[in-house]
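# Tertiary structure, described
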Protein chains: 2
Amino acid sequence: MIAIDWGLTSFRAWRLAEDGAVLDRTTGPFGIRSVADRDFAAVLDRAVGTWRPATVLMCGMIGSRQGWVEAPYVAAPAGLAAIAAALAPVPGMDSAWIVPGVSQDPPDVMRGEETQILGVAAPLGAGRHVLCLPGTHSKWAVLEEGRVAGFRTAMTGEVFGLMRTQSMLAPLVPDDAAEDPGAFDAGVDRARDEGGLLHHLFGLRAAVLLGRLVPAALPSMLSGLLIGHEIAELSAEAQTVHLVGSAALTERYGRALSRFGIAATTHGEEMAARGLFVIAREAGIA
Amino acid sequence: MIAIDWGLTSFRAWRLAEDGAVLDRTTGPFGIRSVADRDFAAVLDRAVGTWRPATVLMCGMIGSRQGWVEAPYVAAPAGLAAIAAALAPVPGMDSAWIVPGVSQDPPDVMRGEETQILGVAAPLGAGRHVLCLPGTHSKWAVLEEGRVAGFRTAMTGEVFGLMRTQSMLAPLVPDDAAEDPGAFDAGVDRARDEGGLLHHLFGLRAAVLLGRLVPAALPSMLSGLLIGHEIAELSAEAQTVHLVGSAALTERYGRALSRFGIAATTHGEEMAARGLFVIAREAGIA
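Everything numeric in this text was worked out from a predicted model, so none of it was measured.

When you go through chain A residue by residue, the secondary structure sums to nine helices and 14 strands. Taking 19 Å as the expected radius of gyration for a compact globule of 286 residues, we find that chain A reaches 20 Å, a close match to that expectation. Residue burial in chain A is summarised as follows: out of 286 residues, 57% are buried. Contacts in chain A between residues far apart in sequence, at least 24 positions, make up 64% of those at least 6 positions apart. For chain A, the exposed area adds up to about 11,400 Å²; of that, 49% sits on carbon and sulfur atoms. Both charge centroids of chain A, one from 23 positive and one from 31 negative side chains, sit 2 Å from each other.

Laid out in structure tokens, this is it:
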């Protein structure tokens, strides 16, 4: 089968053996935003045409309103069975489906992450597990007996970008600012102080004005502050958090979690391929 | 005397009688950012030259590094006596001074608001009082026995602007979005739910996607959410909060405070003139 994680800005595909082993992989800048004519079939053919004929299962924003075909959200709590039962067939394509996103109340949504979560869930087994998929919009999910019991999204990466480049903090930072682990740690710790995030953000400016923070260290402290607030609010009393994402991000989150006394286990980005495989098998299409 | 609140983008001046009564007032777009040649003396002469000769006392960003002369911060806790003792004389001007800002630890700063606070403090008398000066950078101060015991700044207005115009929420909002008091209230209430601000911000997008929030109501709910978080974090267990600011902002904050069961008393924007008068009298220059 062919497994594809197709997002707004990225396209990652894997050719999988019958037992789920990865035979080939390809990536490209074919995110759905780049497909101006919405001719997704042509992009698919160009990217993985040589792997066909084969069953195709896709996840991510390709299943959103702006994507190929909308795969309506499945409401949490939702597990492998519910998600595999709601695959959206792609009109005009043989043996091609899209995985639905998951929604919940109070309002929250994910699209693509549910597949990575199911990829991690398979080996974790029963019991309660807390997962974090850090990013522009970080996802925190609680798995219970293999199902996504609930999840929450934090706008951490996006707020970091806006603060770093558009806010009154931006002009304080010199061009040569480098990573500063000590300032990152100080930001994580500050997140637990009284006053809240809106206050702590202003405090970065005050710290520079009063000579307590070297301007070049501001981005690292800002990063620690935001990730610290995210962990304080969303770690759901976990003793261990399963991190899924790039090495750079999971390393950063693991460091922050350790300051909360929380252990971290890291799972690679290929969890999407694993998840697509278990969903396809559950749906009886692979 | 002449009392001037001179900020980055605004200039407000009052001619005061010996008993502090306002005889005349003038405002203009002469904020220090607009004074490209830094010839502040010329601006002053143009704006209030006809009121001179008279003692001039100024507060606000005119006393910052980018201003006329830097008036170093006084550390909180600080009251009328400490602030009046630290006025910075303006070189080359007869009888002209600038009020210092106030700083504290963990790092926070104010410049201009300390003067409004002292203007409110005079009639409030002894005891503990909580003040809020809402704005781009809202200030919350605790007065104890007439002194600023401590204060905290929240970046509420700035975060609202960035989210409203630069974030992934911006394209969701139609051009004809109008004030929606019900959505504002819902935002205030949501601020008390679990998950924290970074999560609640993303929730606005999810609510629109899932059809739970009319896109035109998003800015009002965003405003309520941010002000709600500010109040939840900074209201310092007050039963009554003294609001100082424009009618539009104090009305909005009063509405939000009422949903927390907190009463609000509103003081007008002329508190700066009152504060400059009591400082001048304490310093023996008026």
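Residue and element names in this part refer to chain B. Strand order in the open sheet formed by three strands is S5-S8-S9, with mixed pairing between adjacent strands. Strands at the two margins of the open sheet, each flanked by one partner only, are strand S5 (74-75) and strand S9 (108-110). Judged from the two bridges that link them, S5 and strand S8 (residues 102-104) form a sheet pairing that is parallel. Paired with alanine 75 across the bridge in S8 is serine 103.

Our focus in this paragraph is the interface of chain B and chain A. Every contact between the two is made by 46 residues of chain B and, on the other side, 46 residues of chain A. Carbon and sulfur atoms supply 68% of the area that chain B and chain A bury against each other, a total of about 3,800 Å² over both sides. Together, Met155, Leu198 and Phe202 of chain B form the three largest contributors to the area buried by chain B at its contact with chain A, with a combined 19%. Sorting the residues of the side of chain B that touches chain A by element identifies S8, S9, strand S12 (147-154), helix H4 (156-166), helix H6 (196-209) and helix H7 (218-234) of chain B as the ones contributing at least two each. When residues of the side of chain B that touches chain A are assigned to their parent elements, the largest contribution, eleven residues, is made by H6 of chain B. For the side of chain B that touches chain A, a count of residues per class yields 22 nonpolar, twelve polar and twelve charged.

Take the side chain of glutamate 158 of chain B next. Position of glutamate 158 of chain B among the secondary structure elements: in helix H4. Within polar-contact distance, the side chain of glutamate 158 of chain B engages the side chain of histidine 137 of chain B at 2.7 Å. Ignoring any residue separated from it by four or fewer positions in sequence, one finds glutamate 158 of chain B in contact with Ser167 and Met168 of chain A together with Thr136 and His137 of chain B.

A few words now on the relation of the copies chain B and chain A. When chain B is brought onto chain A, the operation consists of a screw motion whose angular component is 180° and whose axial shift is 0.0 Å, with 0.0 Å RMSD remaining. Such a turn and shift between the copies fits a two-fold axis. When the interface residues of chain B are mapped onto chain A, 100% of them again fall at the interface, so both copies present the same face.

This paragraph deals with the pattern of salt bridges. Any two side chains of opposite charge can pair, given that their charged atoms come close. In the structure shown here, the tally under the stated rule is 24 salt bridges over all chains. Two residues, arginine 212 of chain A and aspartate 105 of chain B, come together in a salt bridge whose shortest N-O distance is 2.6 Å. With arginine 212 of chain A in the loop between helix H6 (196-209) and helix H7 (218-234) and aspartate 105 of chain B in the loop between S8 and S9, this pair bridges two chains. The two residues arginine 212 of chain A and aspartate 105 of chain B agree in class, both being exposed.

What follows covers the pairing of strand S3 (residues 22-28) of chain B. Consecutive side chains of a regular strand alternate in pointing toward one face of the sheet and then the other. In terms of strand pairing, strand S2 (residues 11-16) of chain B meets S3 of chain B through six bridges, oriented antiparallel. Paired with arginine 12 of chain B across the two strands is threonine 27 of chain B, which belongs to S3 of chain B.

Summed over the entire model, instances satisfying the criterion amount to ten aromatic pairs over all chains. Ring centres 6.2 Å apart and planes at 80° place the aromatic pair tryptophan 6 of chain A and tryptophan 68 of chain A in the edge-to-face group. With a gap of 62 residues between them, tryptophan 6 of chain A in strand S1 (residues 2-6) and tryptophan 68 of chain A in the loop between strand S4 (56-59) and strand S5 (74-75) connect regions that are remote in the sequence. A residue is classified by how much of its surface remains accessible, and tryptophan 6 of chain A, at 0% relative accessible area, is buried. Where tryptophan 6 of chain B meets phenylalanine 40 of chain B, the ring centres are 5.7 Å apart and the plane angle is 85°; that geometry is what we call edge-to-face. Placement of the pair is tryptophan 6 of chain B in strand S1 (residues 2-6) and phenylalanine 40 of chain B in helix H1 (residues 40-48), with a sequence separation of 34 residues.

So, about the nonpolar core. Grouped together as the largest cluster of nonpolar side chains are 84 residues, with contacts concentrated most on Met163, Leu201 and Val241 of chain A together with Met163, Leu201 and Val241 of chain B. In contact with methionine 163 of chain A, other than residues within four places in its own chain, are Leu169, Ala170, Leu201 and Leu222 of chain A together with Met155, Val159 and Leu162 of chain B.

All names here are of chain B. Burial analysis of strand S11 (residues 138-144) places six of its seven residues in the buried class, which makes it a mostly covered element. Of the pairings in the sheet, the one linking strand S10 (residues 128-133) to S11 comprises six bridges and is antiparallel in character. Of the residues in S11, the one forming a bridge with leucine 133 is lysine 139. Linkage of S10 to S11, two consecutive antiparallel strands, is achieved through a turn of four residues. Pairing of S11 with S12 involves seven bridges; the strand directions are antiparallel. Bridging from a neighbouring strand, leucine 143 pairs with valine 148 of S12. Hairpin geometry of S11 and S12 is characterised by an intervening segment of two residues between the two adjacent antiparallel strands and by a positive phi of about 50° at glutamate 145.

How each quantity is defined
Residues numbered from 1 in each chain as written. Chains lettered and ligands numbered in written order. Predicted model: local features only at pLDDT ≥ 70, side-chain atom pairs only at ≥ 80, totals over all residues. Heavy atoms only, no water. Helix = DSSP H or I, 4+ residues; strand = E, 2+ residues; numbered from the N terminus. Rg over C-alpha atoms; globule rule 2.2 N^0.38 Å. Buried < 20%, exposed > 50% of the residue type's maximum accessible area, 1.4 Å probe, protein only. Contact = heavy atoms within 4.5 Å. Areas by Shrake-Rupley, 256 points an atom, 1.4 Å probe, with all protein chains shown as cover. Lys, Arg positive; Asp, Glu negative; His and termini not counted. Charge placed at Lys NZ, Arg CZ, Asp CG, Glu CD. Pairing = 2+ DSSP bridges. Buried area = accessible area lost by both parts, 1.4 Å probe. Nonpolar A, V, L, I, M, F, W, Y, C, P; charged D, E, K, R; others polar. Polar contact = N/O pair within 3.5 Å; in protein donor to acceptor, adjacent residues only side chain to side chain. Least-squares fit on C-alpha atoms with pLDDT ≥ 70 in both. Salt bridge = Lys/Arg side-chain N within 4 Å of Asp/Glu carboxyl O. Phe/Tyr/Trp six-rings, centres within 6.5 Å; stacked < 30°, edge-to-face > 60°. Core = buried A, V, L, I, M, F, W, Y, C linked by side-chain atoms within 4.5 Å.

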